[in-house]
Amino acid sequence: MASNAASAYERRCRLLMRLAYPPRFREFRGTELLGTLMDLAEPEQSAPNVRDCLDILRGGLMLRLREHPPLRHWLLYRLVAVRLPWQYRWWARDDIQGRFSLERQLTLGLLLYGPPILAISQSSPSYGHMAGVLITYLLLLTSRRSMRRAMLAKHEFHPDGTSYVPRPPEFRPDGGVYELQPDHVRGMQRPGR
């Protein structure tokens with residue numbers, strides 16, 4: 001019974017970490033956090049207690065807020081596909097590889113561009129407008145993979161999401177700040193050159 005409780009506890013911890021932390025953190029530090037949670041568990045505990053859940057959710061939220069680009073950079077990235085500054089490139093990778101990346105971009109575009117278009121055309125939303133949005137979405141859906149590859153390349157990532165630079169800046173083995181700057185990366189050999 002103890003192994004069933006432990007596996008249930010581990011499943012719930014993984015689900016909680018998936019809700020709270022971005023993929024990059026789980027990729028590089030997930031096993032460390034999971035090991036700590038498993039060490040803190042009582043012998044027959046099948047789920048993390050409320051306090052641990054709140055701590056994990058709070059930690060994940062604080063990490064996401066700390067790494068999120070400022071509003072100006074975020075809007076340019078989201079609306080015009082401008083490349084984010086160097087310190088936010090790993091956030092961009094997580095966003096580009098996210099499940100609903102295209103849908104987030106289209107929703108924001110509709111919220112910002114929809115009202116002026118309706119005001120210029122001087123008409124209320126109709127089935128024609130909804131059909132136009134649906135056709136646009138379906139056309140973009142067919143080119144999702146190429147758009148994702150282009151955005152990853154713009155932020156200096158391979159199509160599979162691995163970086164041109166070996167590891168993210170905050171995860172250097174000695175705990176120091178990663179000193180490689182974008183100018184150094186430009187001199188590195190990239191695929192297709």
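To be clear, the structure that these remarks concern was listed above.
These numbers were taken from a predicted model, which means no experiment stands behind them. (Residues numbered from 1 in each chain as written. Predicted model: local features only at pLDDT ≥ 70, side-chain atom pairs only at ≥ 80, totals over all residues. Heavy atoms only, no water.)

1. Considerations on a nonpolar patch on the surface
Applicable threshold: A residue counts toward a patch only above 30% relative accessible area and without a salt bridge, and it is joined to like-charged neighbours within 9 Å or, for Val, Leu, Ile, Met, Phe, Trp and Tyr, to nonpolar neighbours within 5 Å. Computed with a 1.4 Å probe, the accessible areas rest on the Shrake-Rupley method; for each residue, only the protein chains presented here act as cover. Criterion for a salt bridge: a side-chain nitrogen of Lys or Arg within 4 Å of a carboxyl oxygen of Asp or Glu. In this description a helix means any DSSP run of H or I spanning at least four residues, a strand means any run of E spanning at least two, and both kinds are numbered starting from the N terminus. Exposure categories follow from relative accessible area, calculated using a 1.4 Å probe and restricted to protein chains: below 20% of the type maximum is buried, above 50% is exposed, and the middle band is partly exposed.
A grouping of Leu15, Leu19, Val50, Leu54 and Leu57 is seen on the molecular surface, where their side chains present a nonpolar patch of about 490 Å² in accessible area. Of all elements in the fold, only helix 1 (2–20) and helix 3 (50–67) reach the threshold of two or more residues within the nonpolar patch. In terms of residue count, helix 3 provides more of the nonpolar patch than any other element does, 3 residues in total. Along the polypeptide, leucine 15 turns up in helix 1. Looking at leucine 15, the relative accessible area reads 43%, which means it is partly exposed.

2. Thoughts on unusual backbone geometry
Notably, alanine 81 is not glycine yet its phi reads approximately 60°, a positive angle. When you line up the elements, alanine 81 lands in the loop between helix 4 (71–80) and helix 5 (89–96). Even without being a glycine, glutamate 156 presents a positive backbone phi close to 65°.

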